[in-house]
Amino acid sequence: MTNFKMNRRTLLKSGAAGAMVLAAPAILTRQAFAADSLTIGDTGGPYAEAFRLAFYDPFEAETGIRINNIVLSPDPVPQYQMLVDTNYFLMDVSVMTPEHIDRLNREGDYFEPLNLPNVNSDDFVQGAITDKFAAVYMFAISMGYRADTLGDNAPESWADFWNTTQFPGRRSLYRSPITTMEIALLADGVAIDDLYPLDIDRAFASLDKIKNEIAVWWTSGAQSTQILQNGEVDMLNIWNTRAQTVIDDGAPAAISWVEGHYNLGGWTIPKGSPKADMARRFIEFTLDPERQAKYTEILAVSPTHLKGYDFVPEDKRGNLPTAPGHIEKLRPLDNAYWGENLSAVTERFEAWLLS
Amino acid sequence: MSNTTSTLPAGQATAPRDKRRFSIDSIALAAPGGLFLIVLLAIPTLSLIGLSFQGMDGAFSLSIYEQMFGAKIYIDVLVNTFSIAFQATVLCLVFGYPVAYWLSRLENRPRRFAMWFVLLPFWTGALLKNFSWIVLLARNGIANSVLQSMGMEAPADLLYQRTTVIFAVAHTMMPLAIMTMLPSMLAVDRTLVPASRTLGSKPMQSFWRVFFPLSMPGATAAGLLVFVSAIGFFITPQLLGGPRDTVIGQLLIQQVTQMLNWRLAGAIATMLLAVTLIFVLLYDRVFGISSVTGGASAKLSSGPVRDFGHRVLNLIAMIATAISEAFAKVLGGYRFGWLLPTVAIITVLVLLIPVVAFIPMAFGESSFLEFPPRGLSFRWMETYLTSPVWTDATLRSFYIALACAVLTAFIAGLGGYGVARSNGKLGSIAFMGFMLPMIVPNIVIAVSLAYFFANIGLLATDIGIILGHTVVSLPVVFIIVLTTFKAHDWRLDQAAATLGANRFQVLRHITLPMCQGGLIAGFLFGFLHSFDELTIAMFVGGGLRQTLPKQMWDDVILSVSPTLAAASLVVLLVVTVLFVLAEVARPRA
């Protein structure tokens, strides 16, 4: 494989790209299927890069099992459902949040039990390890903005975000009620500890006030990165990881952690997966604190293993949601609330958007 | 869909009449196609419509329609859809007409050369062009830099605006419009305009009162085809529009792929189909759509419309003449010769911009799509080539396209032969049947098929995608094959037959070899159509069987990485090669 890579690179650089492009799929696919392999659904972008570095490549090196990854839809639930219902295992392991799992559990039995006898859930943050779910990272959603256009006059709360006269600029929000409802209430003066259960009517009334100022309703993490990176908008609600990617790329962006929420992300195995045992082996591999810390080199998420933080490089600690000065401002997202209410609120949200 | 009509010689002389017995015989060859379309177009669409009229318990119920019409948004979105499609169609006609007119006045060789620049953006697909716009029109993108260097102060908000959506939809559909208008312009007798001039008409009058009316069948056909395609089109509004630019296609995607709400999807599809068919019927009443299907030039129907049309044309001719005469006086002669080529060439260049722009993006160093890209690197090409996700999707697209091309060529080949050899009523019915997938919006076909396949276990299978692609490629391939057979001199077959050849021998040694070029072109266009197709792949693939366009679509939505540009480059290469082959193979009358 290494040899082949070298050859190909030389070839490409010497300009024979055109012919290679046409022939390569056939050659490469045969390579890919030659050994054992696992396909993992992750959220792409910096997540895919970081997991490649921390988990995929080391796992390949240790076991010889090749890891391929695909990017999940912003809402992976329907695809997951279809995959299990039709027994077509496009992926063997999939990243989910507890909210996704809650929704799938309402539909039926969609997960293989993880059966990880060597893993002690007490070593992890609360809720990270269940019989169907093994969280490997903690992430936050908060506010991102352009430091070049907003400068000293940066918004420091969602009320500021709603205040378009004092904080002029092009705005964007997530095209999903999750967290968008929360910030609408925060902007309207609800205290962060009194959010749940959400007052949906009040949230929509608050959103009405900002609606005309929202230039873009972003639909995927990648899009939120793109519009912050190229300056299409000046402020938006965004996952801290996606904003950090922009900052790391050198664009003048910044994150405000005030009144944000955090959540867990981790592995599940689709029910009936023929590679469930291999998948379990992979999942156990990723629950090591040192390996988890490795992903922080690229991705600004916090390890779920309680010892993970000790291995995080000094210069990366300040970017994590769990860093002192950040975590106090964050609250956990109520996954059970969204598991129950997402489809109804989404329907209303979409109708509201179009009206 | 492009060349369909371009290959249609309007009002071409039909093949010599054969004995009635022979023609009844031949039309039977269209039967496989008919059966195919009944099973994979009529039944799925009707069962989806049927589903929308059922309640949860399976009994007849209008509850889903009450829900749909109760929530105002579905009507709003329908209005959006039609308004965007209508405005884009007008733009296509207004800017496409001069290009087609310019092409029609070129000599054969330069015209064929110029046509490639129109057809290339067509076959490279809507996806690539639209994601190119995202980068080019960004607030800090190249378009804004140019505007600012020309003295504009603040960057313009070009993206997520209705105007941009309409522009980009028109941009996507423009080649279709041009290629549909061209044949009827070529068919206009070139001596008519000089004749009118010798009778004393001014140049502008000659154009508006002689040439323009004669070119109308092509323009009306283009209007219809562009409009129907634009109705089912969702790529541009999704990528370049805001929530207020949402179209029906996006709602269907949401209901089917996210909510799995088939009844509501069925109701939305039924509404879209009904409105589309009403529109087509009205259009037929006013303009006559025989031009779309290649019949003799449209009978510019009844009295009032025709009179009105003439009056409008006379008025335009008067105004245009007045203006041109005034300028001619100032300039001392008719010095507008440069105007048409300039407009046409600029339009063609604009068509090419997004296609050309993404090529360098495939070789950028940055992790983001940027134009102009920073640095030079092959890392994205390498990512594309080494990622099984991308290579699998590419391979799948290749073999699906191949299977689809074989199946389509077989069905359309038989049908084309049958229809070409028959003059009866059955022939025109079969003809309309084969054209049907072009009149039913693609997105309706896709949703219906997904529902139908879900019931028979073909959802999220490669076979499902192949069958779906075959349905939507049939009209194009059928038209190409049909024109080929119609242009064939059947007296040669008769000659062979009188010399003792049996029917099989005639077919094998005379008909097929002589029609080879058209059949190969049909095969290649079937391949291209499938290779490029997104809508069917999205619904029938169920998010699991990824074709290359579907993978690219997901990447635009989920990753926006330069890998996409690398993949697009491959698509462009494949499409260019096949397209050139098909163009070379295609016989020209």
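Sequence order as written defines the numbering, with residues in each chain counted from 1. Here every chain gets a letter starting at A, and every ligand a number starting at 1, in the order they are written. In keeping with the model being predicted, local features are shown solely for residues with a pLDDT of at least 70 and side-chain atom pairs are shown and tallied solely at 80 or more, while totals for entire chains, interfaces and linings include all residues. Heavy atoms from the whole structure form the basis of all side-chain values; hydrogens and water molecules are not counted.

- As recorded in an unreviewed UniProt entry, chain B goes by the name Putative spermidine/putrescine transport system permease protein, listed as coming from Devosia crocina.
- UniProt positions are given in the numbering used here, feature names are shortened, and annotations may be inferred rather than shown by experiment. As its UniProt record puts it under Subcellular location (unreviewed entry), chain B is described as follows: "Cell membrane".

- Per an unreviewed UniProt entry, chain A goes by Putative spermidine/putrescine transport system substrate-binding protein and derives from Devosia crocina.
- According to its UniProt record, chain A has this under Sequence similarities (unreviewed entry): "Belongs to the bacterial solute-binding protein 1 family."

### With respect to the overall build of chain A
At step 1: In terms of helices and strands, chain A carries 16 helices and 10 strands.
At step 2: Dimensions of chain A, computed from the C-alpha atoms along their principal axes, are close to 60 × 50 × 45 Å.
At step 3: Here's how the labels work: a residue is buried when its accessible area is under 20% of the maximum for its type, exposed when over 50%, partly exposed in between, all with a 1.4 Å probe on protein chains only. Buried residues in chain A amount to 58% of all 355 residues.
At step 4: We call two residues in contact when some of their heavy atoms are within 4.5 Å. Partitioning the intrachain contacts of chain A with sequence separation of at least 6 by distance along the chain shows that 70% fall at a separation of at least 24.
At step 5: The sign given to each residue is positive for Lys and Arg and negative for Asp and Glu; His and the chain ends receive no count. Note on charges: their place is set at NZ of Lys, CZ of Arg, CG of Asp or CD of Glu. Of note, chain A has its 30 positive side-chain charges centred 7 Å away from the centre of its 47 negative side-chain charges. The secondary structure listing takes helices from DSSP runs of H or I that are at least 4 residues long and strands from runs of E that are at least 2 residues long, numbered from the N terminus.

### Some thoughts on the packing of aromatic side chains
At step 1: Planes of paired rings set the category: under 30 degrees apart is stacked, over 60 is edge-to-face and the rest tilted, where pairs are Phe, Tyr or Trp rings (Trp by its six-membered ring) whose centres lie within 6.5 Å. For the structure shown, the criterion picks out 57 aromatic pairs over all chains.
At step 2: Both rings, one in F51 of chain A and one in Y56 of chain A, keep their centres 6.3 Å apart while their planes meet at 65°; by these two values the pair is edge-to-face. Grouping residues by exposure puts F51 of chain A and Y56 of chain A together as buried.
At step 3: Plain terms: the ring middles of Y101 of chain B and F211 of chain B are 4.8 Å apart, the flat faces sit at 55° to each other, and that makes the pair tilted. Remark: F211 of chain B occurs in helix α11 (residues 203-231) and Y101 of chain B occurs in helix α5 (residues 73-105); sequence separation between them is 110 residues.
At step 4: Residue class for Y101 of chain B comes out buried when judged on its relative accessible area of 13%.
At step 5: On the basis of relative accessible area, F211 of chain B is assigned to the buried category, the value being 8%.
At step 6: Counting every residue linked through ring pairs, the aromatic cluster contains Y47, F51, F55, Y56, F59, Y137, F139, W267, F282, F285 and Y295 of chain A.

### Some details on the interface of chain A and chain B
At step 1: Contact with chain A, which involves 58 residues of that partner, is made by 47 residues of chain B.
At step 2: As used here, buried area is the combined drop in accessible area, with a 1.4 Å probe, of two parts when they are placed together. Of the roughly 4,800 Å² buried at the junction of chain A and chain B (both faces included), carbon and sulfur atoms supply 63%.
At step 3: Only one rule defines a salt bridge in this text: a Lys or Arg side-chain nitrogen within 4 Å of an Asp or Glu carboxyl oxygen. Put simply, chain A and chain B have 3 salt bridges between them.
At step 4: Between R374 of chain B and D249 of chain A there is a salt bridge; the shortest N-O distance is 3.7 Å.
At step 5: In the analysis that follows, any N or O atom pair within 3.5 Å is treated as a polar contact, provided that within protein one partner can donate a hydrogen and the other can accept it, and provided that, for residues neighboring in sequence, both atoms belong to side chains. Applying the counting rule to chain A against chain B returns 12 residue pairs in polar contact (both at pLDDT 80 or more).
At step 6: Within the residue set of the side of chain A that touches chain B, elements represented by two or more residues are α1 (2-13), α2 (17-34), β2 (66-71), α4 (77-86), β6 (214-218), α10 (221-229) and α16 (335-354) of chain A.
At step 7: It is α2 of chain A that contributes the most residues to the side of chain A that touches chain B, 9 residues altogether.

### Examining helix α9 (residues 162-186) of chain B
Residue and element names in this part refer to chain B.
At step 1: For a helix, the expected span equals 1.5 Å multiplied by the number of residues minus one. Look at α9: 35 Å from first C-alpha to last across 25 residues, which is about the 36 Å you get at 1.5 Å a residue.
At step 2: Think of it this way: the bend at a residue is just the angle between two axes, each fitted to seven residues, one set ending at that residue and the other starting at it. At M173, α9 shows its strongest bend, of approximately 45°, with the proline P175 following within four residues.
At step 3: Most of α9 is tucked away, with 21 of its 25 residues classed as buried.

### Structural notes on the UniProt feature "domain: ABC transmembrane type-1" (unreviewed entry) in chain B
At step 1: Per the UniProt entry, the sites bearing "domain: ABC transmembrane type-1" (unreviewed entry) are residues 78-283 and 394-582 of chain B in this numbering.
At step 2: Across residues 78-283 of chain B, the secondary structure splits into 79% helix and 0% strand, with the terminal C-alpha atoms separated by 19 Å.

### Thoughts on empty space enclosed by the protein
Residue and element names in this part refer to chain B.
At step 1: Of the grid points, spaced at 1 Å and generated over the protein atoms alone, those admitting a 1.4 Å probe that cannot get out make up cavities, while open sets with protein on both sides within 12 Å along at least five of seven lines make up pockets; any residue with an atom within 4 Å of a point is treated as lining. Grid points are joined across faces, edges and corners, and a volume is the space filled by probe spheres set on the points. Within the structure shown, the criterion is met by 9 cavities of 30 Å³ or more.
At step 2: Its boundaries defined by the atoms lining it, the largest cavity holds a volume of some 730 Å³.
At step 3: If you go around the largest cavity, you meet 35 residues; those closest to its centre are A126, F233, N442, H529 and D532.
At step 4: Contributing elements (two or more residues each) for the lining of the largest cavity: α6 (108-123), α7 (126-136), α9, α11, α19 (425-439), α21 (462-487), α23 (503-531) and α25 (548-558).

### A closer look at unusual backbone geometry
At step 1: The peptide bond linking Y196 of chain A to P197 of chain A adopts the cis configuration, its omega dihedral lying at -10°.
At step 2: Its place among the elements puts P197 of chain A in the loop between α8 (180-187) and α9 (200-210).
At step 3: Looking along the chain, the bond that leaves F371 of chain B and enters P372 of chain B is cis, with omega of -5°.
At step 4: Looking at the element boundaries, P372 of chain B is found in the loop between α16 (339-361) and α17 (379-386).
At step 5: Positive phi, close to 60°, is recorded for Y160 of chain B, a residue that is not glycine.

### Looking at the packing of α9 of chain B against α11 of chain B
Residue and element names in this part refer to chain B.
At step 1: Axis definition: a line fitted to C-alpha atoms, over the contacting stretch in the case of helices. Angles run 0 to 180 degrees between N-to-C directions. Direction vectors running N to C along α9 and α11 enclose 145°, while the axes themselves pass 8 Å from each other. Our pair here, α9 against α11, has a crossing hand that is right-handed. On α11, the residues that touch V169, M173, L176, A177, T180, M181, S184 and M185 of α9 are F211, L214, S215, P217, G218, A219, A221, A222, L225, V226, S229 and A230.
At step 2: Residue composition of the contact of α9 with α11, grouped by class: 15 nonpolar, 5 polar and no charged. Left-handed describes a crossing in which the near helix is turned anticlockwise from the far one by less than a right angle; the clockwise case is right-handed. Residues were grouped as follows: Ala, Val, Leu, Ile, Met, Phe, Trp, Tyr, Cys and Pro as nonpolar; Asp, Glu, Lys and Arg as charged; and all remaining residues, including Gly, as polar.

### Topic: the environment of T563 of chain B
Residue and element names in this part refer to chain B.
At step 1: Tracing the sequence through the fold places T563 in helix α26 (residues 563-585).
At step 2: In this structure T563 comes out as buried when scored by relative accessible area, which is 4%.
At step 3: For T563 and S387, which are 176 residues apart along the polypeptide, the C-alpha to C-alpha distance reads 9.9 Å.
At step 4: Residues in contact with T563, not counting those within four places in the same chain, are W380, T383, Y384 and W390.

### A closer look at a nonpolar patch on the surface
Residues and elements named next belong to chain B.
At step 1: Residues L315, M318, I319, I323, F327, V330 and L331 make up a contiguous nonpolar surface patch of roughly 720 Å² in combined accessible area.
At step 2: Relative to the elements of secondary structure, V330 occurs in helix α15 (residues 303-331).
At step 3: Overall, the relative accessible area of 70% leaves V330 in the exposed class. The residues that make up patches have over 30% relative accessible area and no salt bridge, and they are joined within 9 Å when like-charged or within 5 Å when they are Val, Leu, Ile, Met, Phe, Trp or Tyr. In short, Shrake-Rupley with a 1.4 Å probe defines the accessible areas, and a residue's cover is counted only from the protein chains shown.

### Remarks on the nonpolar core
At step 1: The nonpolar core is taken to be a set of buried Ala, Val, Leu, Ile, Met, Phe, Trp, Tyr and Cys residues, with the residues joined through side-chain atoms within 4.5 Å. Formed by 261 residues in total, the largest nonpolar core has its most connected members in F51, W267, F282 and I283 of chain A together with L103 and F539 of chain B.
At step 2: In terms of residue count, α5 of chain B provides more of this core than any other element does, 15 residues in total.
At step 3: L185, I192, I214 and V345 of chain A belong to the second-largest nonpolar core, a separate cluster that totals 37 residues.

### Considering the environment of D131 of chain A
All names here are of chain A.
At step 1: Within the secondary structure, D131 sits in the loop between α5 (98-107) and β4 (134-146).
At step 2: Here the alpha-carbon distance between D131 and D201, two residues 70 residues apart in the chain, equals 36 Å.
At step 3: Contacts of D131, omitting those with residues within four sequence positions, involve E112, P113 and L114.

### Some words on the environment of A221 of chain B
At step 1: Considering the arrangement of structural elements, one finds A221 of chain B in helix α11.
At step 2: Sequence separation between A221 of chain B and A177 of chain B is 44 residues; the distance between their C-alpha atoms is 8.5 Å.

### Description of the pattern of salt bridges
When their charged atoms lie close together, side chains carrying opposite charge are able to pair.
At step 1: One pass over the full model with this rule turns up 25 salt bridges over all chains.
At step 2: Where R396 of chain B meets D462 of chain B, a salt bridge forms, and the shortest distance between an N and an O atom there is 2.9 Å. With R396 of chain B in helix α18 (residues 388-420) and D462 of chain B in helix α21, the pair connects residues that are 66 residues apart, well separated along the chain. Considered together, R396 of chain B and D462 of chain B belong to a single accessibility category, that of buried residues.
At step 3: A cluster of three or more residues bridged by salt bridges with shared partners is formed by R52, D57 and E60 of chain A.

### Section: α8 of chain A
Residues and elements named next belong to chain A.
At step 1: Extensive coverage of α8 is indicated by the burial of 8 of its 8 residues.
At step 2: Burial in α8 covers these residues: T180, M181, E182, I183, A184, L185, L186 and A187.
At step 3: Directly after α8, the chain includes G189, whose backbone phi takes a positive value near 105°.

### Details of the domain arrangement of chain A
Residues and elements named next belong to chain A.
At step 1: Domain extents, as shown, originate in an automatic or database domain assignment. Taken domain by domain, chain A consists of domain 1 (1-33), domain 2 (34-138 + 264-317) and domain 3 (140-261 + 337-354).
At step 2: Between domain 2 and domain 3, the contact holds 14 residues from the first and 13 residues from the second.
At step 3: Here domain 2 meets domain 3 over a buried area of about 990 Å², counting both sides, of which 55% is carbon and sulfur.
At step 4: Inspection of the region where domain 2 meets domain 3 yields 0 salt bridges.
At step 5: At the boundary of domain 2 and domain 3, one finds 4 residue pairs in polar contact (both at pLDDT 80 or more).
At step 6: Secondary-structure elements contributing two or more residues to the side of domain 2 that touches domain 3 are α3 (45-63) and α5.
At step 7: When residues in the side of domain 2 that touches domain 3 are grouped by element, the largest group, 4 residues, is from α5.
At step 8: Taken together, the residues that form the side of domain 2 that touches domain 3 break down as 7 nonpolar, 3 polar and 4 charged.

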